[in-house]
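Summary of structural features
One-letter residues, chain by chain:
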Amino acid sequence: MFKIRTSKYRHVFCDAPRQEACHTGFKLSTVTGDQQYIKASSKYFAVALFGGGGLVYVGRHDRPGRFIPGSTPTLHGHQGAILDFEWNPFDDSMLATASEDTNIKIWTIPDEWEPIDAKGVSKAGADITESMVDLVGHSKKVNLLRYHPTAGNVLASTSSDYTVKLWDIEAGQELSTFDEMQDLCQDIVFDYKGDNYATACKDKAVRFVDARASRVTGMIKQAHDGVKGVKVVYMGESGKILTTGHSRASGREVKIWDLKNLDKPIHTEKIDTAAGVLMPMYDVDTNVIYLCGKGDGNIRTCEFEDKAPFFHKLGDGFRSTTALKGVCLVPKRGLDIMKCESARLLKVTNNSGIQPLSFFVPRKSDAFQPDIFPNTASCDPAHSAEEWWKGSSKGPNLQSLNPRETGGSAGQNGESKKKFQSVATLNASLKKAEARIRYLEGKLDGAGISYDKKR
């Protein structure tokens, strides 16, 4: 399995995290499905908890510690369990949640949010219960969410009603509906520019859909022969896609397909005979793939190359006896670049909390290493939802990870972001403004000054 070659990432390594660096104390949601169970922005992460009202814990990467049920602040507001969530790639504080209640809610995390302090101690505080936007349209539970990679505030959702809907969350309205799936959707991913998306369904088919026209442009009728879930990844701008699944003999496998000819895979890599679904975490900047299996302790690392043999093994990956329940990649803007941290995965476990797994490339120099840190997607959208919907096609805006060029931070670049406000907040502001107007009108009337009273 996997060939070895010379690569600057060949010796990438990951040590087991220290206990004090982990996030613990959670009683995780018992909901099962095809979701990752955890998602992260460069500042926060979110994980669903056990309890009514769709509890979600939103933690900060720099504030590990112990969660205390009933004391540590959480986010909640749905009428059913949370099935998936997704961070806006252009706003580290904006979270979308999907629920069994058929609704999608958009939340903004306050700048002062700190449920656990710098010493790892839980802090008392108010829960987040007021969403900014509610998206209503699905007739059954909403299973998966994915933000558009280049257009601002465009969100895709899949549901048990066998549809995919695209939303403009700034306008709070539906853009389109795709209804040609014949079974439950197990995965959905956008391509590099976001012009198309792919869905993997329980009927074993992978469909490629024009995102604007909601029209199928290609299909793999049976990506894998096994009955387990299938995951899909677009391999950057190479014109290739990767799928993971099980063979007829229940062996786990990875396949590479050419989008120009979907009749058969151009490469198949046998992995092992474990039962858990393989979740591929792909770093498009470095072409490194982190293969994570549900129920596995180990994480395999390999590098993708757009020619045979396609996969090249990198080091020993990460080995552990603690089973993985869910996993996600932290955006590059949230990494410790000067320590040569090339990737960080957040691993959800049943009994050991959330473990940050940092992968490092060994280097002797303390200077910025541009060869292992190419430019990455910035937090500025390439175009608006309206521009994209009218036909604009662009790759993501890129930014340097060099701290000298980012002012020591690779986060939001110090630029102001459009802030969403809930209906309740706007109504309160309106009432305050009206009271102020009445007060000023009284002053004018008392002074005998005439004015236009039409409002």
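Right above here is the structure, for reference.
Residues numbered from 1 in each chain as written. Predicted model: local features only at pLDDT ≥ 70, side-chain atom pairs only at ≥ 80, totals over all residues. Heavy atoms only, no water.

All right, on to the overall build of the chain then. Across its full length, the chain carries 3 helices and 30 strands. The C-alpha radius of gyration computed for the chain amounts to 23 Å, which stays within 12% of the reference 23 Å derived for 455 residues, consistent with globular compactness. The dimensions of the chain, computed from C-alpha atoms along their principal axes, are 90 × 50 × 45 Å. Considering the chain as a whole, with its 455 residues, one finds that 55% of them fall into the buried category. The average position of the 61 basic charges and that of the 56 acidic charges among the side chains of the chain differ by 3 Å. (Helix = DSSP H or I, 4+ residues; strand = E, 2+ residues; numbered from the N terminus. Rg over C-alpha atoms; globule rule 2.2 N^0.38 Å. Buried < 20%, exposed > 50% of the residue type's maximum accessible area, 1.4 Å probe, protein only. Lys, Arg positive; Asp, Glu negative; His and termini not counted. Charge placed at Lys NZ, Arg CZ, Asp CG, Glu CD.)

Let's shift gears to the packing of aromatic side chains. One pass over the structure, following the stated rule, counts 13 aromatic pairs. Centroid distance Y44 to W87: 5.8 Å. Interplanar angle 15 degrees. Geometry classified as stacked. Here W87 lies in strand β6 (residues 82-87) and Y44 lies in strand β3 (residues 44-48), a separation of 43 residues in the sequence. The class of Y44 is buried, set by a relative accessible area of 0%. A relative accessible area of 5% places W87 in the buried class. Between W388 and W389 the ring centres are 6.0 Å apart and the planes differ by 50 degrees, which places this aromatic pair in the tilted class. One residue, K325, lies across the ring of Y37, its end atom 4.4 Å from the ring centre. (Phe/Tyr/Trp six-rings, centres within 6.5 Å; stacked < 30°, edge-to-face > 60°. Lys NZ or Arg CZ within 6 Å of the ring centre and 35° of its normal.)

Attention now moves to the sheet that holds strand β2 (residues 38-40). If you walk across this open sheet you meet the 3 strands as β2-β3-β4, and the pairing is antiparallel. On the outer flanks of this sheet lie β2 and β4 (56-60), each paired with one strand and no other. Between one strand axis and the next, the sheet turns by 20 degrees as a mean value, whatever way the strands run. As paired strands, β2 and β3 are joined by 3 bridges and run antiparallel to one another. Paired with A40 across the bridge in β3 is F45. (Pairing = 2+ DSSP bridges. Axes fitted to C-alpha atoms, helices over the stretch in contact; angles between N-to-C directions.)

The volume enclosed by the second largest pocket comes to roughly 480 Å³. Along the wall of the second largest pocket there are 20 residues; nearest its centre are A21, H61, R344, P356 and S358. When residues of the lining of the second largest pocket are traced back to their parent elements, those giving at least two are β27 (341-348) and β28 (354-360). The biggest single contributor to the lining of the second largest pocket is β28, with 3 residues. A per-class count over the lining of the second largest pocket returns 8 nonpolar, 5 polar and 7 charged. (1 Å grid on protein atoms, 1.4 Å probe; cavity = no way out; pocket = protein on both sides within 12 Å on 5 of 7 lines; lining within 4 Å. Points joined across faces, edges and corners; volume = space filled by probe spheres on them. Nonpolar A, V, L, I, M, F, W, Y, C, P; charged D, E, K, R; others polar.)

Where charged atoms from two side chains of opposite charge approach closely, those side chains can pair. Within this structure, the stated rule accounts for 29 salt bridges. The salt bridge involving D134 is made with K105; its shortest N-O contact spans 3.0 Å. Remark: K105 occurs in strand β8 (residues 103-108) and D134 occurs in strand β9 (residues 133-136); sequence separation between them is 29 residues. Ionic pairing is found between R248 and D225, a salt bridge with its closest N-O pair at 3.8 Å. Highlighted residues: R248 in the loop between β19 (240-246) and β20 (252-258) and D225 in the loop between β17 (215-220) and β18 (231-234), separated in sequence by 23 residues. Put simply, K39, D84, E86, R146 and D187 are held in one network by salt bridges that share partners. (Salt bridge = Lys/Arg side-chain N within 4 Å of Asp/Glu carboxyl O.)

Following A308, the chain continues to P309 via a peptide bond in cis, the omega torsion being 5 degrees. Tracing the backbone through its elements, the reader meets P309 in the loop between β24 (299-304) and β25 (311-313). Look at S250: it is not a glycine, yet its phi comes out positive at around 70 degrees. In this fold, S250 is placed in the loop between β19 and β20. Positive phi outside glycine occurs at N287, with the angle close to 65 degrees. With respect to the secondary-structure elements, N287 resides in the loop between β22 (278-283) and β23 (288-293).

This next bit is on the pairing of β23. With 6 of its 6 residues buried, β23 lies for the most part within the structure. Here β23 shows a buried face lined by V288, Y290 and C292 and a second buried face lined by I289, L291 and G293. Alignment of β22 against β23, held across 6 bridges, turns out to be antiparallel. Along β23, the bridge assignment pairs Y282 with I289. Count of turn residues in the β22/β23 antiparallel hairpin: 4 residues, of which N287 carries a positive phi of about 65 degrees. Turn length for the β23-β24 hairpin, with the two strands adjacent in sequence and antiparallel, is 5 residues, and the turn residue G295 shows positive phi of about 90 degrees.

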